[in-house]
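Each chain, written out:
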Amino acid sequence: MAEEQAKKKLRSQEWFGRQDKMGFYYRSFLKNRGFPQDQFDGRPVIGICNTWSELNPCNSHFRTIAEHVRYGVLEAGGFPLEFPVSSLGEVTMRPTAMLYRNLAAMDVEEGIRAHPLDGVVLLMGCDKTTPALLMGAASADLPAIGVSGGPQLRGVYRGQIIGSGTNIISMSEQLRAGEITLKEFHEAEAGMNRSHGSCMTMGTASSMASMVEALGIGLPTNAAIPAVDARRNELARLSGRRIVQMVHEDLTPTKILTREAFENAIRTLAAIGGSTNAVVHLIAIARRIGIDLTLEDFDRLGRGVHCQVNLMPSGQYLMEDFYYAGGLPVVLRDLAEAGLLHKEALTVNGRTMWENVREAECWNREVITSIAEPFKPDAGIAILRGNLAPKGAVIKPSAASPHLLKHTGRAVVFENIEDLHHRKDDPDLDIDADCIMVLQNCGPRGYPGMAEVGNMPLPQKLLKEGVRDMVRISDARMSGTAYGTVVLHVAPEAAAGGPLALVRSGDLITLDVKAGSLHLHVDDAELAIRRAAWVAPEPPMDRGYTRMYVEHVLQADEGADFDFLVGKSGSPVPRDNH
Ligand code: FES
């Protein structure tokens, strides 16, 4: 009887449960694949939301993962139907995959809402696919479970371990400095990406996969199982089984993605030395579900949390090592035992966070250090404010040079990315190691899409002198695999008329991470004169999606979502199409 009641509630029955003309349409067209009548009898219909694409190498194994999800759904008595959504490949998309995150989130939300689905399994991997799918699923608010594709195996080059992004940046600077040959460079390319999966450093993909686990919207161990490890397929299968139960329990994202869950995620992000990009994405996801997450939350909760994970770009190991050392459950257990986690937060398996992690064991304290002897103390993402960033900016202290965390320097300003590329290696550029490089017009509206260009390459002449880090400030983002003393996400951005647009070469700027301040030493009267003379840059496109993006994108401190996408509307059944 209880089962009958559950069946009656299923959303998919509004399509498949009808014994009329429309029921004929809905069932008959699917029967072309050989589905028998009993598949339409009221069992949960599970969408497998797939971001597989040959243009997104990090998600290229997702057909296999989807098959394992399918087995799990069938085993639990569900009816699996796989569907594609936009796939955002970080390295292949130009000008930046972030420009399309909101488009993909719309695709996911509307794809869920338009179809006869009762629950969804979200297959995500490369950086932007994770927030896009979570944002869309949060707004649709049908039962949803996240399955990450997993990181690649370690990169290996001439016997050395190399990490995604991190060593690309260091080796390209070595090449520019004349320290390695082009032949060596090409050899390293082949050794870095030697298996399926996402970047295997604690970059944005791994940070967001960790957020899936910390938020409780994915099963335990989701973050770190390598993509090609059989246990990744097992996790997919178990997720397929679990989503069917979640439909019966009506366990929707609203019940999982609570403020407590986001607070757990923020502290976890600090403890793993995670990507600055996660700040923008977590805020965007939270606002979809009605939680007003702010930069202050990151400051309040992340401050004082130690980085426990010795992974590139902050450390030396890679995601594979993290998994073998015990993975994210160890970090979550340590945080919970230290009183830094909401233990009672509900997760997708129906258990609390604490129930999931209390028996986690660490097998290698060099990779996952203890809170008592952390890899890097007090390493949460720091929020900066001041007259240069009235609505905030971020910096990742764990990836910065300690001696630059308090620094005053002379600004060297680049008006946009083209200006940077054009002048950075000019031998006559007036710059030294104490200067602060400032990049304008690379924020959400300015680029557009807030590209990962904030970790500006250092001028070649300084590289040749042995300089490896300088303070850099912009309204852009940076890859989670990158490192350096890089101030990002300055808000409001230059293209929106923020004070960043008013900085001129020669101005003095003070960065003080401990004090949380970013100050431009120019008085208000002079800034007012500059503002009066400021002219907003022309939008790069006057039609289509880019136009919509520029007109509706919010600033970084609000998650860079579209103003009209904030919030959720659930998944009411749309009217018939005939
Ligand atoms: Fe896809 Fe790094 S480029 S995860």
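Here, the structure is the one placed above.
Reference entry: report on the structure contained in this document. (Residues numbered from 1 in each chain as written. Predicted model: local features only at pLDDT ≥ 70, side-chain atom pairs only at ≥ 80, totals over all residues. Heavy atoms only, no water.)

Secondary structure assignment for the chain yields 21 helices and 14 strands. Compactness check: the chain gives a C-alpha radius of gyration of 24 Å against a globular reference of 25 Å for 578 residues, within 12% of the reference. Here the C-alpha coordinates of the chain stretch approximately 75 × 55 × 50 Å along the principal axes. The buried share of the chain, reckoned over its 578 residues, is 61%. Looking at the chain alone, contacts between residues at least 24 apart form 77% of all its contacts between residues at least 6 apart. By element, 52% of the accessible surface of the chain is carried by carbon and sulfur atoms, the whole surface being about 22,000 Å². For the chain, the separation between the mean place of its 60 positive charges and that of its 71 negative charges on side chains is 4 Å. (Helix = DSSP H or I, 4+ residues; strand = E, 2+ residues; numbered from the N terminus. Rg over C-alpha atoms; globule rule 2.2 N^0.38 Å. Buried < 20%, exposed > 50% of the residue type's maximum accessible area, 1.4 Å probe, protein only. Contact = heavy atoms within 4.5 Å. Areas by Shrake-Rupley, 256 points an atom, 1.4 Å probe, with all protein chains shown as cover. Lys, Arg positive; Asp, Glu negative; His and termini not counted. Charge placed at Lys NZ, Arg CZ, Asp CG, Glu CD.)

Glancing now at the sheet that holds strand β3 (residues 119-124). Here four strands make up an open sheet; going across it, the order is β2-β1-β3-β4 and the pairing parallel. Across the chains shown, the open sheet's two edge strands, defined by having one partner strand only, are β2 (79-84) and β4 (144-148). Across the sheet, the axes of successive neighbouring strands diverge by a mean angle of 20°, strand direction being ignored. Where β3 meets β4, five bridges bridge the pair, whose relative direction is parallel. By the bridge assignment for β4, leucine 123 is matched with valine 147. (Pairing = 2+ DSSP bridges. Axes fitted to C-alpha atoms, helices over the stretch in contact; angles between N-to-C directions.)

A few words on unusual backbone geometry. As a rule of thumb, non-glycine residues mostly have phi less than zero, and peptide bonds are mostly trans rather than cis. Residue proline 313 is reached from methionine 312 by a cis peptide bond, and omega for that bond is 10°. Note the cis peptide between tyrosine 447 and proline 448, where omega equals -5°. The phi angle at histidine 489 is positive, at roughly 60°, despite the residue not being glycine. Of note, histidine 489 is situated in the loop between β12 (486-487) and β13 (508-512).

Attention now moves to the nonpolar core. If you look at the biggest cluster of nonpolar residues, it comprises 127 residues, and the most contacted ones within it are Leu122, Leu123, Leu257, Phe262, Phe298, Phe322 and Val331. No other element matches helix α13 (residues 277-288), which puts eight residues into this core. Beyond its immediate chain neighbours, meaning those up to four positions away, leucine 123 contacts Ile48, Cys49, Asn50, Thr51, Phe62, Ile65, Ala66, Val69, Leu133 and Val147. Membership of the second largest hydrophobic core comes to 27 residues, among which are Val487, Leu520, Val522 and Leu527. (Core = buried A, V, L, I, M, F, W, Y, C linked by side-chain atoms within 4.5 Å.)

Structurally, the position occupied by leucine 142 is in the loop between α6 (129-140) and β4. Distance from leucine 142 to proline 402, taken between C-alpha atoms, is 45 Å for residues 260 residues apart in sequence. Here leucine 142 is in contact with Arg11, Ile112, Leu117, Asp118, Gly119, Ala137, Thr252, Pro253 and Ser571, once residues within four sequence places are set aside.

Centre distance and the angle of the planes are the two values used to describe a pair of aromatic rings. Using the criterion set out here, one finds 11 aromatic pairs in the structure. Seen from their ring centres, phenylalanine 16 and phenylalanine 40 are 5.1 Å apart, and the 75° between their planes marks the pair as edge-to-face. Of the two residues, phenylalanine 16 is situated in helix α2 (residues 13-16) and phenylalanine 40 in the loop between α3 (21-30) and β1 (45-50); the sequence distance between them amounts to 24 residues. With relative accessibility at 2%, the residue phenylalanine 16 sits in the buried group. We classify phenylalanine 40 as buried; its relative accessible area is 4%. For the pair phenylalanine 40 and phenylalanine 79, a centre-to-centre distance of 5.5 Å together with 90° between the ring planes defines the contact as edge-to-face. One end of the pair, phenylalanine 40, is in the loop between α3 and β1; the other, phenylalanine 79, is in strand β2, with 39 residues separating them in the sequence. (Phe/Tyr/Trp six-rings, centres within 6.5 Å; stacked < 30°, edge-to-face > 60°.)

We now examine the pattern of salt bridges. Working definition: two side chains of opposite charge can pair if their charged atoms are close together. As enumerated under the stated definition, the model contains 43 salt bridges in all. The salt bridge partner of aspartate 299 is arginine 303, with a shortest N-O separation of 3.3 Å. The salt bridge involving glutamate 526 is made with arginine 530; its shortest N-O contact spans 2.9 Å. Placement of the pair is glutamate 526 and arginine 530 together in helix α20 (residues 524-533), with a separation of four residues, close to one helical turn. (Salt bridge = Lys/Arg side-chain N within 4 Å of Asp/Glu carboxyl O.)

What follows concerns the packing of helix α12 (residues 259-271) against helix α14 (residues 295-302). Running from amino to carboxyl end, α12 crosses α14 at an angle of 60°, the nearest separation of the two axes being 9 Å. As far as their axial angle goes, α14 and α12 are oblique. Helix-helix and strand crossings are classified by hand; for α12 and α14 the assignment is right-handed. Contact residues: Arg259, Glu263, Ile266, Arg267, Leu269 and Ala270 in α12; Asp297, Phe298, Arg300, Leu301 and Gly302 in α14. (Parallel < 35°, antiparallel > 145°, perpendicular 65-115°, else oblique. Left-handed = near helix turned anticlockwise from the far one by under 90°.)

Its 13 residues give α12 an end-to-end C-alpha distance of 19 Å, which sits within 8% of 18 Å, the value for a rise of 1.5 Å per residue. Most of α12 is tucked away, with 11 of its 13 residues classed as buried. For α12, every residue scored as buried is listed here: Ala261, Phe262, Glu263, Asn264, Ala265, Ile266, Arg267, Thr268, Leu269, Ala270 and Ala271. On its buried side, α12 packs onto α9 (204-215), α11 (253-256), α13, α14 and α16 (328-337). Glycine 273, located one to two residues past α12, shows a positive phi value of around 60°. (Expected span 1.5 Å × (residues − 1).)

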